[in-house]
Amino acid sequence: MVPFLGFAKSEEDKKAVKADTTVVTEVKDEDDAKGAFAFSGYLDSYYMANFNKPASRSNMGGSNARVFDQRSGQFSLGLVQTKVAYTNAKSEAVVDLTFGPNANMGNYGNALFSTALAIKQAYFTYKFTDKFSMTAGQFGTNIGYEVIDAPANFNYSLSNLFNNGPFYHAGLKATYAFSDKASLMVGVVNNVDGLGDNNRKKGIISQLYFQPVANWNVYVNYIGSNEANPDTVTFKEPSAFYQVFDLTTSFQITEKFLLGLNAAYGSQKGDYQGYGGPTDTETWGGVAVYANTALTDNFAIGARYEYFNNDSGVRGLLTPAGQGTSVNSITLTGNISLADGHILVKPEFRLDAYPKVSGAGEAQQFEDSDGEWTKNSQTTFGLAFIYKF
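Presented here is an overview of the structure given in this document.

Conventions used here
- Residues numbered from 1 in each chain as written.
- Predicted model: local features only at pLDDT ≥ 70, side-chain atom pairs only at ≥ 80, totals over all residues.
- Heavy atoms only, no water.
- Helix = DSSP H or I, 4+ residues; strand = E, 2+ residues; numbered from the N terminus.
- Salt bridge = Lys/Arg side-chain N within 4 Å of Asp/Glu carboxyl O.
- Buried < 20%, exposed > 50% of the residue type's maximum accessible area, 1.4 Å probe, protein only.
- Patch = residues over 30% accessible without salt bridge, like charges linked within 9 Å, V, L, I, M, F, W, Y side chains within 5 Å.
- Areas by Shrake-Rupley, 256 points an atom, 1.4 Å probe, with all protein chains shown as cover.
- Core = buried A, V, L, I, M, F, W, Y, C linked by side-chain atoms within 4.5 Å.
- Contact = heavy atoms within 4.5 Å.
- Phe/Tyr/Trp six-rings, centres within 6.5 Å; stacked < 30°, edge-to-face > 60°.
- Lys NZ or Arg CZ within 6 Å of the ring centre and 35° of its normal.

Another aspect to go through is unusual backbone geometry. You will see that Asn64, though not glycine, has its phi angle at about 60 degrees, which is positive. Residue placement: Asn64 occurs in the loop between β2 (34-50) and β3 (75-88). The phi angle at Gln273 is positive, at roughly 55 degrees, despite the residue not being glycine. Looking at the secondary structure, you find Gln273 in the loop between β12 (257-269) and β13 (282-294).

Set out below in structure tokens:
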């Protein structure tokens, strides 16, 4: 069967460890407690055709119109992952390493630490009881519907909600399971998307999970932090804040049909990691709706509609002139499963439509084949090739 993977980012580890392609080797310690090593990973590449035929062969538009599939008109390597996990009755340790262009972009906050560019996750969990556990290290964010791993998302290209939210955190988090249908996570972390911290302030993350009925999962997520750089003269930390409220939910209506939704609302005041920021509070947000259905055991098709608004200009989605903007996106993706599920081929059509910038001679969002910024929409068609093991 073609899997329907529409989970919140906090479920990323569970999916990878429990994948049927994982190699597991049992070991015993001196107390005869059983444990297991799990090794898994994947590699992906893609070819993307851009109907605008931009002279630069870039899908990025004015700024950050795409996340990882940034190049058109050529075969491109995406990401290579190797993941090792050790689990026993009371603990789990995960080392998740990534390589390639997408690994560099996904770990942009660690650019000064060359050895850290390959670390996607590195953490361990201790289970104090069957209901209470704590995790320390670097781990994927709880915010959002989509994850960095190409096999785990139905669509290959990633949403603007993913692109403009956090990717990962370093810190400590605790989870309490009230039952198998409800749990609460609360954590303390460094700054967003960084192995080190740019100030002495710490961020707070949280996630409330509940299952109203069978096959319907709901995640209510939050992050709040001060992301300002200290003053270079006084070394004092300015008053600033960055926060995101996020709702992620998926409902497996039938064995072959899934509906999903992701909605986020963010706000910012003051500096953001040295990039500046608004004096007064500015907001941004968006919503994405997902629908996936299996037509055969080896072929499924899915659609995503997304609206993302950054009119305030506080996030990375901007016009060529550096102004805020908004976008409507429609993505249609096929999933072809081969080699007993080890190979995934994903043909994908995507249309991004931006408001037309008014005024004679004003640059639009995308460039044409002459290198001129005359297009306010972009249509791409591509093929992704993924091997997971």
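The discussion continues.
The next thing to look at is the pattern of salt bridges. Oppositely charged side chains can form a pair if their charged atoms are brought close together. The final tally for this structure, using the stated rule, is seven salt bridges. In this structure, the salt-bridge partner of Asp96 is Lys120, at a minimum N-O distance of 2.7 Å. Highlighted residues: Asp96 in strand β4 (residues 91-99) and Lys120 in strand β5 (residues 119-127), separated in sequence by 24 residues. Put simply, Arg304 and Glu146 hold a salt bridge, and the shortest N to O gap is 2.9 Å. In this pair, Arg304 sits in strand β14 (residues 299-310) while Glu146 sits in the loop between β6 (132-140) and α3 (160-163), placing the two residues 158 residues apart along the sequence. Taking the relative accessible area as the measure of exposure, Glu146 reaches 4% and is therefore buried. What emerges from the salt-bridge pattern is a single network uniting Arg66, Asp69, Arg350 and Asp352.

On the surface, Tyr176, Phe178, Leu184, Val186, Val188, Ile204, Leu208, Phe210, Val220 and Leu247 cluster together into a nonpolar patch covering about 780 Å² of accessible area. Only β7 (168-179), β8 (182-189) and β9 (203-210) provide two or more residues apiece to the nonpolar patch. Position of Leu208 relative to the elements: it lies in strand β9.

Below, the discussion takes up the nonpolar core. Ranked by internal contacts, the top residues of the largest apolar core, which has 28 residues, are Ile205, Ile223, Tyr242, Val244, Trp284, Phe308 and Tyr354. Mapped onto this core, the elements with two or more residues apiece are β8, β11 (241-254), β12 and β13. By residue number, the principal contributor to this core is β13, which donates three residues. Excluding anything up to four places from it in sequence, Phe308 contacts Asn160, Leu161, Asn164, Trp284, Gly285, Gly286, Leu317, Ser326 and Val327. Judged by nonpolar contacts, the second largest core, of 17 residues, contains Val67, Ile148, Ala150 and Phe167.

Considering all chains together, one arrives at 16 aromatic pairs under this definition. Ring centres of Trp284 and Phe308 lie 5.9 Å apart, and the angle between their planes is 40 degrees; on these two criteria the pair is classed as tilted. With Trp284 in strand β13 and Phe308 in strand β14, this pair connects stretches of sequence that are 24 residues apart. By relative accessible area, Phe308 is classed as buried at 0%. Among the aromatic residues, ring-to-ring pairing joins Phe68, Phe162 and Phe167 into one connected group. Geometry around Phe139 places Lys173 over its ring, the cationic atom sitting 4.3 Å from the centre.

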